[in-house]
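Structural overview for review
Residues per chain are reported as follows:
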Amino acid sequence: MGNDGYLPLFETKRAKGRALYRVFAGSMFVGICLIWGFRVSHVPREGEDGRLVWIGLLAAELWFGFYWILTQAHRWNLVSRHTFKDRLSDRYENELPGVDIFVCTADPVIEPPLMVINTVLSVMAYDYPPEKLSVYLSDDAGSHLTFFALLEASQFAKYWIPFCRKFNVEPRSPAAFFDSISNSHDSKQDKELAIIKKLYEDMKNQIENATKLGCLPEEVHLRHKGFSQWDSYSSRHDHDTILQILIDGKDLDARDSEGCVLPTLVYLAREKRPQCPHHFKAGAMNALIRVSSGISNGQIILNVDCDMYSNNSLAVRDALCFFMDEKKGHEIAYVQFPQNFANITKNELYSSSLRVLSEVEFHGLDGYGGPLYVGTGCFHRRDTLCGRKFRREIDNKFSVAKERKREETAQALEEKSKALANCTYEEKTEWGKEMGLKYGCPVEDVITGLSIQCQGWKSVYFNPERKAFLGVAPTTLAQTLVQHKRWSEGDFQILLSKYSPAWYANGKISLGLQLGYCCYCFWASNSLAVLYYSIVPSLYLLKGISLFPKCSSPWFLPFAYVAISKYGCSLAEFLWSGGTVLGWWNDQRIWLYKRTSSYLLAFIDTIAKSLGLNSDSAFVITAKVSDQEVYSRYVKEIMEFGASSPMFTTLATIALINLVCLAGSMKRVVMNESIGRTYYETMLLQVILCAILVLINLPLYQGLFFRKDNGRMPNSIAIKSIMKIGSLEFVAVILLAFLCSPNAVFGIRFVIDREECFSHNVKYDGDTVHVSFVVIKADSTWHSSHEGVDLVVKGPSGDQIQDYRDKISEKFEFVARQKGVHRFCFSNKSPYFETVDFDVHESHFTYYDQHAKDEHFNPLLEQISKLEEALYNIQFEQHWLEAQTERQAIVNEAMSKRAVHKAFYESAALIGASVLQVYLLRRLFERKLGMSRV
Ligand SMILES: O=c1ccn([C@@H]2O[C@H](COP(=O)(O)OP(=O)(O)O[C@H]3O[C@H](CO)[C@@H](O)[C@H](O)[C@H]3O)[C@@H](O)[C@H]2O)c(=O)[nH]1
Ligand SMILES: [Mn+2]
C-alpha cells in the first residue's frame, strides 16, 4: 500500500540475489578481457603458421565477448509481477472493457480444425462477462472444413461454457480437459461429465471424419447459409472475403443451455488474390482489427495462435489488472504472457520449451521497460495497436463496453464488414506501416512491439504460476530449425531495418532494452563465429598447431574460468527454470545446430535480400501434427532426421570434420606416447573443444551411420557432407593419411630450453624410419648465428644410430635393425628457447623383403600399399617443406623484399609440386582401384 492508502492492482518485485549475480558477471568480464589480452599479445608473426587463423580466432572471441555483454541485459535487472484480481473485481466488475480475441489459422492440414476449435472454445470460456467477450477466427486457408468445425463448436459451446462455469473447469480446452481427468470423484460432476464428454466425442468424430475425407457431406452444406459463400471460391489463394457471425452476442436468442448470454463468435477468411500480397499473419491480424471494430470494437485485443489454448480462465482479468491500474496502467500498451507448450518431453530433445527465455530473459527485459511482443498470448490496447502515440496526460478511462444499438441485422453488419477485409482496402493507407501490425518482416510481432515501445509505451511481462497458454512445440529437428530460421531472419532484418534497436530505438527506449532486443537481433550473425570456432580449432588440432595456451601457462586460467562459469551459469539457469541436466545438454546441442544451420542460412538470406538478390522471405508455418511413427520417436526422444533438409548437410559436415580431427589426434597418442604427452599438454583446450563437439554430435553419428529406422539421416545427406569434406584438400589428404593407413605421420612443434626427448616405437625389424626437424625460430632478436640443435638417435638397446650437431634443419632416414623403442633426444646449447618442428614416419615395406610370404600373394594389393606408402612420403616431405618455408619466412623478415618474394615463389612452387604429386598419385591410386573392380 502506498502512503496515500492507494492499493495498486499489480505489484512489481525485483529478483533476489542481483548483487551476487553482478559480482559474478564482473568476474566473467575480467576473464573475457584476459582472453582478449592473450589473443592480442600472442598473434603469430607475419609469415608464421596460423597467423590468419589466430586473427580469425581473435575476431570470434571479440564477438563472443561482445555478445555475452548483450546477454547481460537479460540478466542484470530481473523483475516479476503479481496481480490483485480481487481488487479489480471490487472496483471495476461492472465497468470491465470489451475484449476481442483473435485466433489465427492458416492451413487445415498442419493446423487441424479440431485443434483450432479447441483453442477457440478455451477462450470463449474465459471467466469474463460473456457479453463483453468476442472471439474471431481468421482462417487464411479459407477452408470450409475449418468453418464447419467452428460451426460445430458454436453449438457445443452452448453446453461447454455453462459446464465450465458450474464446475470451475481448468483448462477450458475440452480436449486438454478430458485428457487431464482420468479419475474424477465428484459423482454429480461425473454424470454431467459423461454427457458433455459424449457431446464432445460426437462433435470430434464429425470433424475428424470430414477432415479425413477432405470434404463435407452434401447435407452439411444445407445446415448453414454460410456455406454458400464458398460457391465463388476457387482456391485458398483466390477467393472473396468470407465472413460469418456464428454467434451474435447481441442476439437475444443466442443463449447457452442455461439461458446465459454467449460470447460473440465470428469466422473470417479475408479476400485472397494471387496478385495481391497478403502479408501472412500480419495481414490477417490487420483484417481482424478492422472487421472487429465494426462488430464488437473491444478496447482490449488478445491475440493467440490457433494452437495456443487458454490454460487459465482468469488470464483476462490478470491482464486487466495492468491496464486498469490507476497509477501505472495508462502507460502500458501490451501485456505479454510467456509461450508455454503442452507437448514438451522430459528432456526436451529440441529444446523447444524456450525455458530460459521465459523464466529468465523476459523477466530481465521487463526490468528495462517491457518484453517483446511474441505474437501469441498477448493482450493489446486496441488503439496502440492501431498506432496511437503515447501521451502522458491522457487519462486511462475504459469505457464500459456499450450495448450496441442494433438497428442493423447481423447479416447487414456482415455485408458491411466484408469490405474491410478485401485486398484492395489497404491500398494507399497506413495499414502495415503506421497502423496495425507491420508488414514485410517474418517476425511481424517483434517489429510491431518494438515500434510501439519506441513511441513511449511500456509493456509488461506476466508469468503466473499456472500457465496462461499452452501451445504445440515443433516435434522434429527440421521443423525446429525452420522455425528458428524464420525467427532469426526476421530479427536480423529488424536490426537492419529502419526500426533497428541499435539506432532507431536510441533514446526512445532504455539502453538495457536496446541491448536486450539486439541480443535476439544478432542471433543470425552469431553463426559466423560459432561456425569458425567449431571447425578451425579442430582442423588445427589435427595439424598439430596449438591455438590456445597450454595448460601450464597462466593464460590457461581465464579460458578455463570463462568456459566453466559460462556453462555452469547456463546449467544453473536451466535447472532453476525447471529443466533437467540432460535437457540442458540437449539445449546446448540445439544451440549449436541452430547457429550452424538456421542462423547461418538466415544470415546469408538476409544479406542477399538487402543486396536485392532475394525477394521477401516467406512465412513457413510450423506443423502442429506429425504422423504416428514420427511422433512416437519424439516421445521417446530419438532425434528425427527423416525428411531431407539442406540444413542437415552443414550439421553433418561439421560433425564429421570434428570426428575425423579427434580420431586423428587420438591416433597420435596411441602411436607415440611421448609425443602424445607433449601434444596433449599444448593442445588440451583444443582437444577438449573437439571432444565436446564430437560428444554433442553423437545423435548425428547415430543418425548417419547406425540407425535403421525411418528417422535416420537420409543417405543423400551423408554423401553430400562427405563430399564437402573431401573438397577441403588438406583435410582429404590428412583423412587418408590418418584413417586408411596403419602408418602415420607425426608432426609436433615444441619449444626447447635445454633438452627434450621423444620416443618412437618401431614395430618391425628392418622398417625404414624417416626423420625430419626444422628449427623454426629462436627466441632471440640479437643472435641468429648460433641457433641450431643437436640430435642424437638411439636404438632400443641404447646403441647410437645417428648424431647431428648444430643443425638448423635435417631430414634423414635409417633402417631400424631392431624393433622397439627408439629415442630421439634434442639438445639446445644456446642460451635462448628455440622452437623446433619435428616429424617421424615409419615405413613398413612388406613387399621389400618378404616376397615369399603367403599373405602377399595378391600383387594388386601390394601395389596399392606401395602407393599409399608413396602418398605418406609425400606428405612427410610436404610437412618438412612447410616447416622449412616457415622458417625461411621468419628469417626473411629482415631481408630485402625481393628475397622474400623469391622465397615465397620458391615455396609456392614446392608446395604446388607436392600437391600435384599427391594429385597424380591419387589418380593412379583411383585407377588401380578401378582396375581391381573390373
Ligand atoms: O499466412 C499466415 C501464416 C501464419 N498464420 C498464423 O500465424 C500463427 C503462427 O504461425 P506458426 O507457424 O505457428 O509460427 P510460430 O513460429 O510457432 O509462431 C511464432 O512466431 C511467429 C512469428 O514468426 C508469430 O507470428 C507467432 O505468433 C509466434 O507464436 C499460426 O496461428 C498461423 O496460423 C497466419 O494466420 N497466416
Ligand atoms: Mn506456433
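Starting from 1, residues in each chain are numbered consecutively following that chain's sequence as written. The naming scheme follows written order: chains are lettered A onward, ligands numbered 1 onward. Reporting in this predicted model follows two pLDDT cut-offs: at least 70 for local features of residues, and 80 or more for side-chain atom pairs to be given and counted; totals over whole chains, interfaces and linings ignore these cut-offs and use all residues.

For the protein, the name recorded in an unreviewed UniProt entry is Cellulose synthase-like protein E1 isoform X2, with Durio zibethinus as its organism. UniProt positions are given in the numbering used here, feature names are shortened, and annotations may be inferred rather than shown by experiment. The UniProt entry for the protein carries this comment under Function (unreviewed entry): "Thought to be a Golgi-localized beta-glycan synthase that polymerize the backbones of noncellulosic polysaccharides (hemicelluloses) of plant cell wall." The heading Sequence similarities (unreviewed entry) in the UniProt record of the protein holds the text "Belongs to the glycosyltransferase 2 family. Plant cellulose synthase-like E subfamily."

In this section: the nonpolar core. Put simply, a nonpolar core is buried Ala, Val, Leu, Ile, Met, Phe, Trp, Tyr and Cys residues tied into one set by C-beta atoms within 7 Å. Counting other C-beta atoms within 10 Å of a residue's own tells you its class, since 20 or more makes it buried, 12 or fewer makes it exposed, and anything in between is partly exposed; those C-beta atoms are placed from the backbone. One finds Val103, Val120, Val135, Leu150 and Leu268 to be the most contacted residues of the largest nonpolar core, which totals 200 residues. In this text, helices come from DSSP runs of H or I with a minimum length of four residues, and strands from runs of E with a minimum of two, each type numbered from the N-terminal end. With 13 residues, helix 5 (residues 144-167) is the single largest residue contributor to this core. Sequence-distant contacts of Leu150, defined by excluding residues within four places in its chain, comprise Ile117, Val120, Leu137, Leu246 and Tyr267. Here contacts are defined at the residue level, using C-beta atoms placed from the backbone and a cut-off of 7 Å between them.

Residue count minus one, scaled by 1.5 Å, sets the expected span of a helix. For helix 4 (residues 113-124), with 12 residues, the first-to-last C-alpha span of 16 Å sits near the 16 Å given by 1.5 Å per residue. Here helix 4 lies mainly inside the structure; 12 of its 12 residues are buried. Taken residue by residue, helix 4 has Pro113, Leu114, Met115, Val116, Ile117, Asn118, Thr119, Val120, Leu121, Ser122, Val123 and Met124 as its buried positions.

Before going further, it helps to examine the pairing of strand 20 (residues 820-827). Where strand 15 (residues 755-762) and strand 20 come together, 8 bridges link them in antiparallel fashion. Looking at the pairing, His760 lines up with His822 of strand 20. Any two strands with at least two DSSP-identified bridges between them are counted as paired.

This part is about the sheet that holds strand 10 (residues 340-341). One open sheet holds the 3 strands; their spatial order is 8-13-10, and the pairing between them is mixed. Both outer strands of the open sheet, strand 8 (309-310) and strand 10, are each paired with one neighbouring strand and no more. The sheet contact formed by strand 10 and strand 13 (residues 469-471) spans 2 bridges and is parallel. Residue Phe341 lies in a different strand from strand 13, and its bridge partner there is Gly471.

As for its placement among the helices and strands, Phe641 is situated in the loop between helix 20 (628-635) and helix 21 (646-671). What makes Phe641 buried here is the crowd of 25 C-beta atoms within 10 Å. Among all residues touching Phe641, those that are not within four sequence positions of it are Leu477, Phe648, Gly703, Gly711, Arg712 and Met713.

Further remarks concern the sheet that holds strand 17 (residues 789-794). Strand order in the open sheet formed by 4 strands is 15-20-17-18, with antiparallel pairing between adjacent strands. Unpaired on one side and paired on the other, strand 15 and strand 18 (800-807) mark the two borders of the sheet. Strand-to-strand twist of the sheet, defined as the mean angle between neighbouring strand axes without regard to direction, takes the value 15 degrees. Only the stretch in contact is used when a helix axis is fitted, and all axes are lines through C-alpha atoms; the angle between N-to-C directions ranges over 0 to 180 degrees.

Moving on, we get to the UniProt feature "transmembrane region" (unreviewed entry) in the protein. The UniProt record annotates "transmembrane region" (unreviewed entry) at residues 20-40, 52-70, 555-585, 641-665, 685-706 and 727-752. Summarising residues 20-40: 100% helix, 0% strand, and an end-to-end C-alpha distance of 31 Å. Overall, residues 685-706 shows 95% helix and 0% strand. The separation of its end C-alpha atoms is 29 Å.

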